[in-house]
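A structural walkthrough
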Amino acid sequence: AQSVTQPDIHITVSEGASLELRCNYSYGATPYLFWYVQSPGQGLQLLLKYFSGDTLVQGIKGFEAEFKRSQSSFNLRKPSVHWSDAAEYFCAVGEGGGNKLTFGTGTQLKVEL
Amino acid sequence: GAGVSQSPSNKVTEKGKDVELRCDPISGHTALYWYRQSLGQGLEFLIYFQGNSAPDKSGLPSDRFSAERTGESVSTLTIQRTQQEDSAVYLCASSLDGGRKETQYFGPGTRLLVL
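The sections below set out a description of the structure shown in this document. (Residues numbered from 1 in each chain as written. Chains lettered and ligands numbered in written order. Predicted model: local features only at pLDDT ≥ 70, side-chain atom pairs only at ≥ 80, totals over all residues. Heavy atoms only, no water.)

Digging into the sheet that holds strand 7 (residues 75-79) of chain B
Residues and elements named next belong to chain B. Read across the sheet, four strands follow the order 1-3-7-6 without closing on themselves; strand pairing throughout is antiparallel. Every interior strand has two partners, whereas the edge strands, strand 1 (5-7) and strand 6 (65-69), have only one. When strand polarity is set aside, the average angle formed by the axes of neighbouring strands in this sheet is 15°. Pairing analysis gives three bridges linking strand 1 to strand 3 (residues 19-24), with the strands arranged antiparallel. Of the residues in strand 3, the one forming a bridge with S5 is D24. (Pairing = 2+ DSSP bridges. Helix = DSSP H or I, 4+ residues; strand = E, 2+ residues; numbered from the N terminus. Axes fitted to C-alpha atoms, helices over the stretch in contact; angles between N-to-C directions.)

Spelled out as structure tokens, the structure:
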């Protein structure tokens, strides 16, 4: 069965610092990978997605992610974090017909001013 | 345009009661999903509808859970004889056609509390 691991439950960074959120997946074939963000009281919003081609994908809000097949990773990065980025971030892999999403447990990001 | 909407936003019920949660997908989206977000289990898939095909119910945790969808519009998730472990946020999502490259757009969720 496929799975997604987000090793960091909580991360705290200072505003303006760079950010990297880790995601590792387990999937037999070419994975379809997604990063979502959930702000307090809000639904999930897609940041970016990868399914083929260029291994570095750009998303909204200045986020990017790099797919590394050899490491089974899809880490999310941002060069300079803003206070409004404080939220919970979920990595997910899509499965089969209908693209049902299997999510990681999430990483809660806190931004210190 | 309008996004995915869910109602009610919050629902408090007593153990043993039945509850119905509603989802209105984005107009034109043929694929509709239900997920559950709970402290113990994280975010988990429940059920998927695509057009007139038989739904994929593989994520439903027990036979107390069921869902219906009328055509390509509204869906209702029903939980019978609710238990305290059913307390969670129930999220609905829709996508254009369920394709693997399609984005799933999520609603704000219904927060269910079973006392």
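Focus on the state of the cysteines
On inspection of all chains with the given rule, the structure shows two disulfides over all chains. Residue A:C23 pairs covalently with A:C91 via a disulfide, S to S 2.0 Å. Handedness of the A:C23-A:C91 disulfide follows from its S-S torsion of about -65°: it is left-handed. With a gap of 68 residues between them, A:C23 in the loop between strand 3 (19-21) and strand 4 (24-26) and A:C91 in strand 10 (residues 87-95) connect regions that are remote in the sequence. Comparing A:C23 with A:C91 shows no difference in burial state: the two are buried. The disulfide that involves B:C23 links it to B:C92, with 1.8 Å between the sulfurs. Looking down the S-S bond of the B:C23 and B:C92 bridge, the torsion is -65°, so its handedness is left-handed. (Disulfide = S-S within 2.5 Å. Buried < 20%, exposed > 50% of the residue type's maximum accessible area, 1.4 Å probe, protein only.)

Focus on the side chain of A:D8
Secondary-structure assignment places A:D8 in the loop between strand 1 (3-5) and strand 2 (10-14). If sequence neighbours within four positions are ignored, A:D8 has contacts with A:R22, A:G106 and A:T107. (Contact = heavy atoms within 4.5 Å.)

A word on the interface of chain B and chain A
Listed by partner, the interface residues are 19 residues for chain B and 21 residues for chain A. On the chain B side of the interface with chain A, the three residues burying the most area are B:L43, B:R100 and B:K101, jointly 42% of the side's total. The tally of links between chain B and chain A comes to one salt bridge. Ionic pairing is found between A:K100 and B:D56, a salt bridge with its closest N-O pair at 2.9 Å. Where chain B packs against chain A, one counts ten residue pairs in polar contact (both at pLDDT 80 or more). Among the residues forming the side of chain B that touches chain A, the class breakdown is eight nonpolar, seven polar and four charged. (Buried area = accessible area lost by both parts, 1.4 Å probe. Salt bridge = Lys/Arg side-chain N within 4 Å of Asp/Glu carboxyl O. Polar contact = N/O pair within 3.5 Å; in protein donor to acceptor, adjacent residues only side chain to side chain. Nonpolar A, V, L, I, M, F, W, Y, C, P; charged D, E, K, R; others polar.)

Describing the pairing of strand 8 (residues 88-95) of chain B
All names here are of chain B. For strand 8, the buried fraction is high: eight of the eight residues fall into the buried class. Burial along strand 8 is two-sided: the face carrying A88, Y90, C92 and S94 and the face carrying V89, L91, A93 and S95 are both buried. As defined by bridge partners, strand 4 (residues 31-38) adjoins strand 8 across seven bridges and the pair is classed as antiparallel. Looking at strand 8, one finds that Y33 is bridged to A93. One ladder, built from three bridges, connects strand 8 with strand 10 (residues 110-114); its direction is antiparallel. When the sheet's bridge partners are listed, A88 is paired in strand 10 with L112. Where strand 8 and strand 9 (residues 105-106) come together, two bridges link them in antiparallel fashion. Each residue of the ladder has a partner; that of S94, found in strand 9, is Y105.

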